[in-house]
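What follows is the residue order along each chain.
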Amino acid sequence: MVAAGRKPEVLVVDDDPGVREALELGLGLEGFTVRLAEDGENTLGQVADRLPSVIVLDVTMPGLSGVEVVQSLRAQGRTLPVCMLSARDEVDDRVAGLAAGADDYVVKPFSIAELAARLHAMVRLHESTAVRPLVIGDVTIEPARRVAARAGRDLHLTTREFDLLLALAHRPGQVLSRAQFLEQVWGYTWDVDTNVVDVFIGYLRKKLEADGRPRILQTVRGIGFVLRTGP
């Protein structure tokens, strides 16, 4: 957790030295302490030595790819937020990164100010966890441990899937719009053209419905999504 008055630390990972230099300067001006890594192996080593607040991770790198780095971090149980960097034609890799446990993505070229705003929001969301468990029907959520179970079975949620479920659980029976999710979970306070909410709702729904459990995460066409456990 970032102490009050202390800058959050971002680990920037990209094999292009020009991108690393630009992000080091830009994110430093936006209130971050910046560390740099040039490949996946170096990234995992740095995370093991000292955990950053957030990681900015290029999708395509020689050696370990960004997707493989995310898979390794999540397999180690590390829940720190990860934002992927990708080119416009790297859609499949971007989707694979989200499926592996990345929390967000930014398409090159991008605005440093927008990236910084997203990263600050990700850090705040990751750190703002309540202590008291929530019980919604047969779903139990422990915000302090960032774990959730349904009918006693661990859901093994990624960081962003957990944030989505937590937002829904705080308002059971209330329909939340995509715009509300983007603001509350991703921290976007501006209009953004993305289907990231639908992608993560799909991931979360699949885990909630494993083993034939009935659907409780419902789509309200044209409005948004709702967590309903009753009739």
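Rules used in this analysis
- For every chain, the first residue of its written sequence is number 1, and the numbers climb from 1 along that sequence.
- Local features in a predicted model are, by the rule used here, given only for residues with pLDDT of at least 70; side-chain atom pairs are given and counted only at 80 or more, and totals for whole chains, interfaces and linings are based on all residues.
- Side-chain numbers here rest on the full set of heavy atoms in the structure, without hydrogens or water.
- Secondary structure elements follow DSSP: runs of H or I no shorter than four residues count as helices, runs of E no shorter than two count as strands, and numbering proceeds from the N terminus.
- Here the globule rule reads 2.2 Å times residues to the power 0.38, and the radius of gyration is calculated from C-alpha atoms.
- Contact definition: two residues touch when any of their heavy atoms are within 4.5 Å.
- Each accessible area value is a Shrake-Rupley result obtained with a 1.4 Å probe; residue values ignore everything except the protein chains displayed when judging cover.
- With axes taken as lines fitted to C-alpha atoms, and helix axes fitted only over the stretch in contact, angles between N-to-C directions fall between 0 and 180 degrees.
- An angle below 35 degrees is read as roughly parallel, one above 145 as roughly antiparallel, one from 65 to 115 as roughly perpendicular, and any other as oblique.
- We call Asp, Glu, Lys and Arg charged. Ala, Val, Leu, Ile, Met, Phe, Trp, Tyr, Cys and Pro are nonpolar, and the rest, Gly among them, are polar.
- Two strands qualify as a pair provided that DSSP identifies no fewer than 2 bridges between them.
- Classification of ring pairs rests on two measures: the distance between centres of Phe, Tyr or Trp rings, Trp counted by its six-membered ring, which must be within 6.5 Å, and the angle between planes, read as stacked under 30 degrees, edge-to-face over 60 and tilted in between.
- Side-chain atoms within 4.5 Å are what join buried Ala, Val, Leu, Ile, Met, Phe, Trp, Tyr and Cys residues into a set we call a nonpolar core.
- Each residue is placed in one exposure class: buried if its accessible area under a 1.4 Å probe, protein chains only, is under 20% of its type's maximum, exposed if it is over 50%, and partly exposed if it falls in between.
- Every definition here rests on a 1 Å grid over the protein atoms only: cavities are sets of points where a 1.4 Å probe fits but cannot get out, pockets are open sets enclosed by protein on both sides within 12 Å along at least five of seven lines, and lining residues have some atom within 4 Å of a point.
- Grid points are joined across faces, edges and corners, and a volume is the space filled by probe spheres set on the points.

**Student:** Could you give an account of the overall build of the protein chain, naming the residues involved and the relevant values?
**Tutor:** When you go through the protein chain residue by residue, the secondary structure sums to eight helices and twelve strands. Relative to the compact-globule value of 17 Å for 231 residues, the protein chain shows a C-alpha radius of gyration of 18 Å, a close match. In terms of overall dimensions, the protein chain has a C-alpha envelope of 55 × 35 × 35 Å along the principal axes. Long-range pairs, those at least 24 residues apart, make up 58% of the contacts in the protein chain with a sequence separation of at least 6. Counting every atom, the protein chain has about 11,000 Å² of accessible surface; 51% of that belongs to carbon and sulfur.

**Student:** So what's going on with the packing of helix α3 (residues 66–75) against helix α4 (residues 91–100)? Which residues, and what values?
**Tutor:** Two numbers describe how α3 lies on α4: the axes approach to 9 Å, and their chain directions differ by 5°. Of the possible angle classes, the one that applies to α3 and α4 is roughly parallel. Here Val67, Val70, Gln71 and Arg74 of α3 lie close against α4, whose contacting residues are Asp93, Ala96, Gly97 and Ala100. Its residues placed into classes, the contact of α3 with α4 shows four nonpolar, two polar and two charged.

**Student:** Residue-level account of the sheet that holds strand β7 (residues 139–142), with values.
**Tutor:** If you trace the four strands from one edge of the open sheet to the other, you get β6-β7-β8-β9, paired in antiparallel fashion. Strand pairing shows two members of the sheet lacking a second neighbour, β6 (134–136) and β9 (153–154), which therefore form its edges.

**Student:** Now, about the sheet that holds strand β12 (residues 224–227): what can you tell me, with residues and values included?
**Tutor:** With respect to topology, three strands assemble into an open sheet ordered β10-β12-β11, the strand pairing being antiparallel. Of all the strands in the sheet, the pair left with one neighbour each is β10 (176–177) and β11 (217–220). Summarising the sheet, β10 and β12 pair through two bridges and their orientation is antiparallel. When the sheet's bridge partners are listed, serine 177 is paired in β12 with glycine 224. Where helix α6 (residues 159–169) meets the sheet, its contacts fall on β10, β11 and β12, and the angle it forms with β12 comes to roughly 70°.

**Student:** Summarise the packing of aromatic side chains; cite the residues concerned and give the values.
**Tutor:** Here the structure, examined in full by the defined rule, presents three aromatic pairs. In textbook terms, an aromatic cluster arises when at least three aromatic residues are bridged by ring pairs, as seen for Trp186, Phe200 and Tyr203.

**Student:** Summarise the nonpolar core; cite the residues concerned and give the values.
**Tutor:** Counting 51 residues, the largest nonpolar core has Ile55, Leu57, Met84, Ile141, Leu165, Phe181 and Trp186 as the members making the most contacts within it. If we ignore the near neighbours within four places in the chain, the residues touching tryptophan 186 are Asp103, Asp104, Ala121, Leu125, Arg160, Leu164, Phe181, Val196, Val197 and Phe200. Leu27, Leu85, Ala116 and Leu119 belong to the second-largest nonpolar core, a separate cluster that totals 16 residues.

**Student:** Which residues make up the layout of surface pockets, and what values do they have?
**Tutor:** In this approach the atoms are scanned with a rolling probe the size of a water molecule, which exposes any empty space left behind. Taken as a whole, the second largest pocket holds about 280 Å³ of empty space. In terms of lining, the second largest pocket is formed by 13 residues, of which the most central are Thr79, Arg146, His156, Leu157 and Thr158. Every element with two or more residues in the lining of the second largest pocket is listed here: β8 (147–150) and α6. When its residues are assigned to classes, the lining of the second largest pocket shows four nonpolar, five polar and four charged.

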